[in-house]
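Residues per chain, in single letters:
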Amino acid sequence: MVDNKVSLRYASSLMQLAMEKKNLDILSRDLERIHSDLVSHHQLLLALQNPIIKSEVKLSILKEVWKDKVSNDTISFLELIVQKGRENLLQDIAAKFIELTNKHLGIVLVEVTAAGEFTPEQDKEIKSKLKSLLNKEVKVKYKIDDSIIGGFQARVGDTVYDATIKHQLEQLRKRFLEGNTLINN
């Protein structure tokens with residue numbers, strides 16, 4: 001819980017700095033990249049969380065990984081994180097920063113799970129319908145799940161919109177059972 005508060009504090013400070021410097025879009029892109037890299041390269045995250053590795057080594061690793069890929073402001077932020085001994089929270093800080101940025105910009109993150117990839121036309125239609133349904137800009141993250149026979153699920157926070165064939169068949173089964181009990185009474 002304490003780590004969560006610390007991560008939020010660092011993310012909020014970075015957000016405030018980004019707004020003052022009017023480079024929110026650049027820092028947002030950088031932190032999304034850092035978060036994505038930490039999620040997909042677990043060894044890097046483990047190195048940052050390892051207390052045996054010295055701070056100087058961790059900083060040189062971070063600089064080497066992102067030196068030509070992120071802005072100087074982001075590198076300065078990484079230096080601050082390491083200097084304060086909070087490099088183990090970098091993934092959480094990046095996630096909180098992304099959340100704060102999306103909230104500030106009125107963007108909602110939607111996770112869409114489907115059996116296969118969507119065509120560009122389907123992608124455009126889904127985004128349009130979600131934007132209309134939620135009355136907000138949407139960022140869609142797609143996941144593939146072979147257990148879904150057809151259709152898709154869209155998750156917005158704790159709310160799930162289930163448009164899978166399995167769900168529709170279950171709803172149909174329930175209606176038939178309800179109809180059956182009404183007929184038998």
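Rules of the game
- Residues numbered from 1 in each chain as written.
- Predicted model: local features only at pLDDT ≥ 70, side-chain atom pairs only at ≥ 80, totals over all residues.
- Heavy atoms only, no water.
- 1 Å grid on protein atoms, 1.4 Å probe; cavity = no way out; pocket = protein on both sides within 12 Å on 5 of 7 lines; lining within 4 Å.
- Points joined across faces, edges and corners; volume = space filled by probe spheres on them.
- Helix = DSSP H or I, 4+ residues; strand = E, 2+ residues; numbered from the N terminus.
- Nonpolar A, V, L, I, M, F, W, Y, C, P; charged D, E, K, R; others polar.
- Core = buried A, V, L, I, M, F, W, Y, C linked by side-chain atoms within 4.5 Å.
- Buried < 20%, exposed > 50% of the residue type's maximum accessible area, 1.4 Å probe, protein only.
- Contact = heavy atoms within 4.5 Å.
- Pairing = 2+ DSSP bridges.
- Phe/Tyr/Trp six-rings, centres within 6.5 Å; stacked < 30°, edge-to-face > 60°.
- Axes fitted to C-alpha atoms, helices over the stretch in contact; angles between N-to-C directions.
- Parallel < 35°, antiparallel > 145°, perpendicular 65-115°, else oblique.
- Left-handed = near helix turned anticlockwise from the far one by under 90°.

Draft legend 1. Representation of the layout of surface pockets. One number sums up the size of the largest pocket: a volume of about 290 Å³. Glu32, His35, Ser36, Val39, Ala95, Ile98, Glu99, Asn102, Leu109, Lys139, Val140 and Lys141 are the residues that line the largest pocket. Looking at the lining of the largest pocket, the elements that each hand over two or more residues are helix H2 (24-40), helix H6 (90-105) and strand S2 (137-144). Residue composition of the lining of the largest pocket, by class: 5 nonpolar, 3 polar and 4 charged. Roughly 190 Å³ of volume is contained in the second largest pocket. Among the elements of the structure, H6 and strand S1 (107-114) are those that each provide at least two residues to the lining of the second largest pocket. Looking at the lining of the second largest pocket element by element, the count peaks at 4 residues for H6.

Draft legend 2. A look at the nonpolar core. Residues Tyr10, Leu14, Phe77, Ile93 and Phe97 are the most contacted members of the largest nonpolar core, which totals 15 residues. Contributing elements (two or more residues each) for this core: helix H1 (2-21), H2, helix H5 (72-83) and H6. With 6 residues, H1 is the single largest residue contributor to this core. Setting aside residues up to four positions removed in sequence, Phe97 forms contacts with Ala11, Leu14, Met15, Leu24, Leu27, Ser28 and Leu31. Residues Leu59, Leu62, Val70 and Val82 belong to the second largest nonpolar core, which totals 13 residues.

Draft legend 3. Inspection of the pairing of strand S3 (residues 151-156) at higher detail. Pairing analysis gives 4 bridges linking S1 to S3, with the strands arranged antiparallel. Its bridge partner lying in S3, Val112 is registered against Ala154. Bridge count between S3 and strand S4 (residues 159-164): 6 bridges; the pairing is antiparallel. By the bridge assignment, Gln153 is partnered in S4 with Asp162.

Draft legend 4. Region of interest: the packing of aromatic side chains. For the coordinates displayed, the defined rule picks out 2 aromatic pairs. Ring plane angle 55 degrees and centroid distance 5.4 Å describe the contact between Phe118 and Tyr142, whose orientation is recorded as tilted. Residue Phe118 is found in the loop between S1 and helix H7 (120-134), and its partner Tyr142 is found in strand S2; the two are separated by 24 residues along the sequence. The exposure class assigned to Phe118 is partly exposed, which follows from its relative accessible area of 23%. Between the aromatic rings of Phe118 and Phe152, the centroid separation amounts to 6.1 Å while the plane-to-plane angle is 80 degrees, which identifies the pairing as edge-to-face. On the criterion of sequence distance, the pair formed by Phe118 in the loop between S1 and H7 and Phe152 in strand S3 is long-range, its members being 34 residues apart. Through pairs of rings, three or more aromatic residues link up here, namely Phe118, Tyr142 and Phe152.

Draft legend 5. Local environment of the packing of helix H3 (residues 42-49) against helix H4 (residues 55-66). The geometry of H3 relative to H4 is characterised by a closest axis approach of 10 Å and an angle of 150 degrees between their N-to-C directions. In terms of their interaxial angle, H3 and H4 are classed as roughly antiparallel. Once H3 is placed against H4, the crossing between them reads as left-handed. Here Leu44, Ala47, Leu48 and Gln49 of H3 come into contact with H4, specifically with Lys58, Ile61, Leu62, Val65 and Trp66. Residue classes in the contact of H3 with H4 are distributed as 7 nonpolar, 1 polar and 1 charged.

Draft legend 6. Up close: the environment of Tyr161. With respect to the helices and strands, the residue Tyr161 is situated in strand S4. With relative accessibility at 32%, the residue Tyr161 sits in the partly exposed group. Sequence separation of Tyr161 and Val112 is 49 residues, and the distance between their C-alpha atoms is 9.3 Å. When sequence neighbours within four positions are dropped, the list of residues in contact with Tyr161 reads Leu133, Leu134, Phe152, Gln153, Ala154 and Val156.

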